[in-house]
Amino acid sequence: FPVTIACVEGSGLLDLKKGASANPRAFAAQAYRLGYDVQLAHYAEGFTDRYGRKPERCGFIVYEWQWPHDHALIWVDDDYLEMGANRRRDAIERILECRDSGVWPSHDESTMGPPSYATLTGADDETDPEGLELEGLQ
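Just so we're clear, the structure is a prediction, and the values are computed from it rather than from any experiment.

Engineer: What's the story with the overall build of the chain in this structure? I'm lost.
Structural biologist: Along the backbone of the chain there are three helices and four strands. The order of α-helices and β-strands along the chain, N terminus first, is β-β-α-α-β-β-α. For the chain, buried positions account for 22% of its 138 residues. Expressed as a percentage of contacts within the chain between residues at least 6 apart in sequence, the contacts between residues at least 24 apart total 59%. Looking at the chain as shown, the accessible area adds up to about 11,000 Å², and 52% of this sits on carbon and sulfur atoms.

Engineer: Even after reading the chapter, I still don't get the pairing of strand S4 (residues 71–76), so can you show me in this structure?
Structural biologist: Consecutive side chains along a regular strand alternate between the two faces of the sheet. Only one face of S4 is covered, namely the one carrying Ala 72, Ile 74 and Val 76; the face carrying His 71, Leu 73 and Trp 75 has none of its residues buried. Looking at chain direction, strand S3 (residues 57–64) and S4 are connected through six bridges and run antiparallel. Bridge pairing in S4 links Gly 59 to Trp 75. The turn joining S3 and S4, which pair antiparallel and follow one another in sequence, is formed by six residues; a positive phi near 60° is taken by His 69.

Engineer: Looking at this model, I keep getting lost on unusual backbone geometry. Mind explaining?
Structural biologist: Look at the link from Trp 67 to Pro 68: it is a cis peptide, with omega at 15°. Mapped onto the elements, Pro 68 comes out in the loop between S3 and S4. Positive phi, close to 60°, is recorded for His 69, a residue that is not glycine. Tracing the backbone shows His 69 in the loop between S3 and S4. Residue His 69 is classed as partly exposed on the basis of its relative accessible area, which comes to 40%. Here the phi dihedral of Asp 108 falls at roughly 55°; this positive angle occurs in a residue that is not glycine. Tracing the sequence through the fold places Asp 108 in the segment after helix H3 (78–101). Owing to a relative accessible area of 68%, Asp 108 belongs among the exposed residues under this scheme.

Procedures and definitions
- Residues numbered from 1 in each chain as written.
- Predicted model: local features only at pLDDT ≥ 70, side-chain atom pairs only at ≥ 80, totals over all residues.
- Heavy atoms only, no water.
- Helix = DSSP H or I, 4+ residues; strand = E, 2+ residues; numbered from the N terminus.
- Buried < 20%, exposed > 50% of the residue type's maximum accessible area, 1.4 Å probe, protein only.
- Contact = heavy atoms within 4.5 Å.
- Areas by Shrake-Rupley, 256 points an atom, 1.4 Å probe, with all protein chains shown as cover.
- Pairing = 2+ DSSP bridges.

Here it is as structure tokens:
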């Protein structure tokens, strides 16, 4: 479960996250893919509602789940929080639309077979060196 730490005196908001990497660039990709910006914006909104002011700083304490369990403190900037707030607003609007219409997104029923790359055989799996037209190679 997520752990969020609100430091009221310093007005900081930190969210503890487990990641494949504590490297800020690698974590940024994970954070966007998993909607951590939306979560942090949501927590910041709750902080503002609770304490009557926005947190001065928001960020993540990231730790790796595999040895050697590197960790990092990663602060986010205003653009990051704004992006999260926009995505949060869009998500809330979509939820309200679904609730009002009674229609919720779904992938419905489907049939799945093996992926095409796993079943390559014959002509699909062969390369004709003559057809490559590579000059200077013998």
